[in-house]
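Single-letter residue listing:
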Amino acid sequence: MELSISNLTKSYRHKKALDGFSLTLGEGVYGILGPNGAGKSTLINSLTGIIKPDSGSISFSGKSGGDYLSHLGFLPQNQDFYHNFTARELILYMMKLKDFKCPDPKGYADEILKKVNLYDDRNKKIGAHSGGMKQRLGIAQAIIGEPEVLIFDEPTAGLDPKERIRFRNVISSLANDKIVILATHIVTDIAFIAKTVVLMDKGKIIRTGTQGELCAELYDKVWELDTDYDTVMRLMKESRVSNVLGIDDYYRVRVIDDSRPDDAVNVQPNLEDVCIFHFGEM
Ligand code: ADP
């Protein structure tokens, strides 16, 4: 199983939203991480056939065009469903739209709802669902027919921390034998579940690797020190600061720099540091 993205380019007037984007994906969860405007949505819209790139190609195990799209499940950004439908009615409706046939549609819909922990709420109207439940219902409709490629665009926008964790757990449980692509600007969305992280900016890949590989590039570059307000301000001007924590009457600052700031100790780099290092602010 292989999803091959080759040299995708898409321009809006003079702006290149995608600039020769190439990536080959196998089984596992991929986190596409980049600041706003990096080109993530343009990439996702190209992968899902919503827009046509100016040039380049996409193929899944040798199939392209409509043949490839039938292997795809998609959770768009900001989707909304009919509020008067119940969770189960929506899944049955989506099965019809997708022309997915099976001997026991209700039983199948229930199985799908179990996978996203919505079975107990199957008869609840969507209007009464929380944001997290709606997102999980979005995942449920995406996995109808067991597509091998699953794509999620900014999936945790607007969710509270507890629902984010739940969402991540559901994604992890579904990821076996699939290619899962999560596009986000939120580091924690992918920090625990992405096998491969793809850092993207200005329509291009900046870096790709496992989280361990990307973090290893920052060994001996991440520092922490406890200091006063003036020093925090100076460090923010002179270096890349990835975190500032106010503690009583002092500040604990996390700094990315080639050389050790005075009084700082070396700390283990994390994915947040990697993003600050490559993108500045996210
Ligand atoms: P992201 O999803 O990472 O925030 P986008 O793919 O939405 O990035 O946008 C990439 C770049 O392309 C941005 O500079 C954005 O302003 C531009 N862009 C995206 N869609 C359009 C459009 N329909 N018309 C004009 N410019 C667009």
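Residues numbered from 1 in each chain as written. Predicted model: local features only at pLDDT ≥ 70, side-chain atom pairs only at ≥ 80, totals over all residues. Heavy atoms only, no water.

Caption draft 1: Focus on unusual backbone geometry. A positive phi is found at D99, a non-glycine position, where the angle reads about 55°. Positionally, D99 belongs in the loop between α3 (87–97) and α4 (105–115). You can call D99 exposed: its relative accessible area is 52%. Residues other than glycine seldom take positive phi values, yet D248 does so here, at roughly 45°. (Helix = DSSP H or I, 4+ residues; strand = E, 2+ residues; numbered from the N terminus. Buried < 20%, exposed > 50% of the residue type's maximum accessible area, 1.4 Å probe, protein only.)

Caption draft 2: Broad picture of the pairing of strand β6 (residues 149–153). The buried fraction of β6 is high, at 5 of 5 residues. Where burial is concerned, the two faces of β6 agree: the one with V149, I151 and D153 and the one with L150 and F152 are both buried. Alignment of strand β5 (residues 72–75) against β6, held across 4 bridges, turns out to be parallel. Looking across to β6, one finds that G73 is bridged to L150. Pairing geometry for β6 and strand β7 (residues 179–184), over 5 bridges, is parallel. Directly across from D153, in β7, lies its bridge partner A183. On the question of chirality, the crossover connecting β6 to the parallel β7 by way of helix α6 (residues 161–174) is right-handed. (Pairing = 2+ DSSP bridges. Right-handed = clockwise from strand over helix to strand, strands pointing away.)

Caption draft 3: Structural detail: helix α10 (residues 271–279). In terms of burial, α10 is largely enclosed, as 7 of its 9 residues are buried. Burial in α10 covers these residues: L271, D273, V274, C275, I276, H278 and F279. Near the N-terminus of α10, the side chain that reaches the backbone nitrogen of E272, with its oxygen 3.1 Å away, is that of N270. Just downstream of α10, G280 is the residue with a positive phi angle, here 75°. (Polar contact = N/O pair within 3.5 Å; in protein donor to acceptor, adjacent residues only side chain to side chain.)

Caption draft 4: Fine view of the layout of surface pockets. The computed volume of the largest pocket comes to approximately 320 Å³. Along the wall of the largest pocket there are 20 residues; nearest its centre are L72, G73, F74, K98 and Q141. Broken down by element, the lining of the largest pocket gets its largest block of residues, 3 residues, from β5. Volume-wise, the second largest pocket comes out at about 210 Å³. Lining the second largest pocket are S46, G49, I51, K52, P53, G56, S57, I58, S64, G65, Y68 and L69. If you list the elements that add at least two residues to the lining of the second largest pocket, you get β4 (55–60) and α2 (65–69). (1 Å grid on protein atoms, 1.4 Å probe; cavity = no way out; pocket = protein on both sides within 12 Å on 5 of 7 lines; lining within 4 Å. Points joined across faces, edges and corners; volume = space filled by probe spheres on them.)

Caption draft 5: Looking closely at the site of the ligand. Neighbouring the ligand are the residues Y12, K15, A17, P35, N36, G37, A38, G39, K40, S41 and T42. Within the backbone of A38, an N or O atom sits 3.1 Å from an oxygen atom of the ligand. Between the ligand and S41, the relevant distance is 2.8 Å, taken from an oxygen atom to a main-chain nitrogen or oxygen of the residue. Compared with its free state, where it exposes 560 Å², the ligand has 60% of that area covered by protein. Among the elements of the structure, β2 (15–25) and α1 (40–47) are those that each provide at least two residues to the shell around the ligand. Element by element, the count of residues in the shell around the ligand is highest for α1, at 3 residues. Residue composition of the shell around the ligand, grouped by class: 4 nonpolar, 5 polar and 2 charged. (Near = heavy atom within 4 Å. Areas by Shrake-Rupley, 256 points an atom, 1.4 Å probe, with all protein chains shown as cover. Nonpolar A, V, L, I, M, F, W, Y, C, P; charged D, E, K, R; others polar.)

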